[in-house]
Amino acid sequence: MHKRSATHTRETGETKISVELELDGTGKFDVETGIKMFDHMLTHLAQHGLFDIKIAASGWDQHHLVEDVAISLGKALSEALGDKEGIVRMGHALVPMDEALAMVAVDIGGRGYAVIEAPFKRKKIGDLGSDLVRHFLESFAIEAKINLHAKVLSGINDHHKAEAIFKALGRALDSATKIDQRIVGEVPSTKGVIE
Ligand SMILES: [Mn+2]
């Protein structure tokens, strides 16, 4: 099988981003965005998605940083999947973290859409603005051209809720990006193509 990986770099007046993504990895990560809690979340994505992820990001504003990492990671995912031949396409995961429980479902169908139900009590989770969890997921889904539903089903602690979401996202994406040996070389869509 060809190597399913992609590199994406993005440099604007606001941020400088470099993303390397290997889909069939082992969960190796090297993530530095300058936002510790965001790094923590992205490493969970790598670890539990079994993706090898290298991200270096810098910029003067946290909102732009998170948004631009989401855009670059989304584009890298889409590119790494290529023509989407043989992939399982849909995936979901239900992941607990202590009292928190998160559900994530994805469809790699060529359409970017996100439905996020993740209410946080505090304005910040560590050094990360709580609103940026939603913003990350939405921006990522749109650029990756995937449907992404994320829902916190229960939970009290904001850190636990966010962490459960990112672990579930990793697991769901791992399932959806896997190659199904029964349909190698076939695009899993009645349209015959997935953008
Ligand atoms: Mn943690």
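Keep in mind that this is a model prediction, so the values were computed, not measured.

*Asks:* Looking at this structure, I do not really get the overall build of the protein. What am I missing?
*Replies:* Scanning the protein for helices and strands turns up 4 helices and 10 strands. Counting helices and strands in the order they occur from the N terminus, the protein gives β-β-β-α-β-α-β-β-β-β-β-α-β-α. Here the C-alpha radius of gyration of the protein, 16 Å, is about what a compact globule of 195 residues would show, namely 16 Å. If one aligns the C-alpha atoms of the protein with their principal axes, the spans along those axes are about 45 × 40 × 30 Å. With 195 residues in all, the protein has 51% of them scored as buried. A fraction of 76% describes how many contacts in the protein between residues 6 or more apart in sequence connect residues 24 or more apart. Put simply, the protein shows about 9400 Å² of open surface, and 51% of that area lies on carbon and sulfur atoms. Seen as two clouds, the 24 positive and the 29 negative side-chain charges of the protein have centres 3 Å apart.

*Asks:* Would you mind going over the sheet that holds strand β6 (residues 100-107) with me for this structure?
*Replies:* Adjacent strands of a sheet form backbone hydrogen bonds with each other and so pair up, either parallel or antiparallel. Taken in spatial order, the 4 strands line up as β5-β6-β10-β7 in an open sheet, and their pairing is mixed. Of all the strands in the sheet, just β5 (90-97) and β7 (113-117) have a single pairing partner and so form its edges. Pairwise comparison of adjacent strand axes, ignoring direction, gives a mean angle of 10 degrees for this sheet. Along the sheet, helix α3 (residues 131-144) makes contact with β7 and β10 (147-154), crossing β7 at roughly 160 degrees. Here helix α4 (residues 158-177) sits on the sheet and contacts β5, β6 and β10; the angle it forms with β5, its principal contact strand, is near 150 degrees.

*Asks:* Would you take a moment to explain the sheet that holds strand β3 (residues 29-32) for this structure?
*Replies:* The 4 strands are arranged β1-β2-β4-β3 in an open sheet whose pairing can be described as mixed. A single partner strand is all that each edge strand has here, and the edge strands are β1 (5-11) and β3. On average, each strand axis in the sheet is inclined to that of its neighbour by 5 degrees, with strand direction left out of account. For β3 and strand β4 (residues 52-59), the ladder comprises 4 bridges, and the chain directions are parallel. Counterpart to Phe29 in the pairing with β4 is Ile53. With respect to the sheet, helix α1 (residues 36-49) is in contact with β3 and β4, its orientation differing from that of β3 by roughly 160 degrees. The strands that helix α2 (residues 62-81) touches are β1, β2 (15-22) and β4; relative to β2, the one it contacts most, it runs at about 35 degrees.

*Asks:* It is not clear to me how α1 should be interpreted in this structure. Could you clarify?
*Replies:* Because an α-helix packs 3.6 residues into every turn, residues spaced three or four apart end up facing the same way. Compared with the 20 Å implied by 1.5 Å per residue over 14 residues, the 20 Å span of α1 between its first and last C-alpha is a close match. α1 sits mainly inside the fold: 10 of its 14 residues count as buried. Where α1 ends, the next residue or the one after it, Leu50, has phi of about 50 degrees, a positive value.

*Asks:* What should I look at first to understand the packing of α1 against α2 in this one?
*Replies:* Each pair of packed helices can be described by the angle between their axes along with the distance between the axes. One way to put it is that α1 packs onto α2 with a least axis distance of 12 Å and a crossing angle of 15 degrees. In terms of orientation, α1 lies roughly parallel with respect to α2. Both α1 and α2 take part in a crossing whose hand is right-handed. For the pair α1 and α2, the contacting residues are Phe38, Leu42 and Leu45 in the first and Val66, Val69 and Leu73 in the second.

Scoring rules and cut-offs
Every chain's residues receive numbers from 1 upward, in the order its sequence appears when written. Local features in this predicted model are restricted to residues of pLDDT 70 or higher, and side-chain atom pairs are both shown and tallied only at a pLDDT of 80 or more, whereas totals for entire chains, interfaces and linings draw on every residue. The side-chain values count all of the structure's non-hydrogen atoms but skip hydrogen atoms and water molecules. Comment: elements are numbered from the N terminus, with helices defined as DSSP H or I runs of at least four residues and strands as E runs of at least two. To get the radius of gyration, use the C-alpha atoms; to get the globule rule, take the number of residues to the power 0.38 and multiply by 2.2 Å. Only protein chains enter the area calculation, which uses a 1.4 Å probe; residues under 20% of their type maximum are buried, those over 50% are exposed, and those in between are partly exposed. Contacts: residue pairs with any heavy atoms within 4.5 Å of one another. Areas reported here follow the Shrake-Rupley algorithm with a probe of radius 1.4 Å; residue values treat only the protein chains shown as occluding. By the counting scheme adopted, Arg and Lys are positive, Glu and Asp are negative, and His together with the chain ends is not counted. The atom standing in for a charge is NZ when the residue is Lys, CZ when it is Arg, CG when it is Asp and CD when it is Glu. Two strands make a pair as long as DSSP finds a minimum of two bridges between them. Angles run from 0 to 180 degrees between N-to-C directions of axes, and those axes are lines fitted to C-alpha atoms, restricted for helices to the stretch in contact. Here the expected length of a helix is defined as 1.5 Å per residue gap, with one fewer gap than residues. Should an angle lie under 35 degrees it is considered roughly parallel, over 145 roughly antiparallel, and from 65 to 115 roughly perpendicular; all remaining angles are considered oblique. Definitions for this section: a left-handed crossing has its near helix turned counterclockwise from the far helix by less than a right angle. A right-handed crossing has that turn clockwise.

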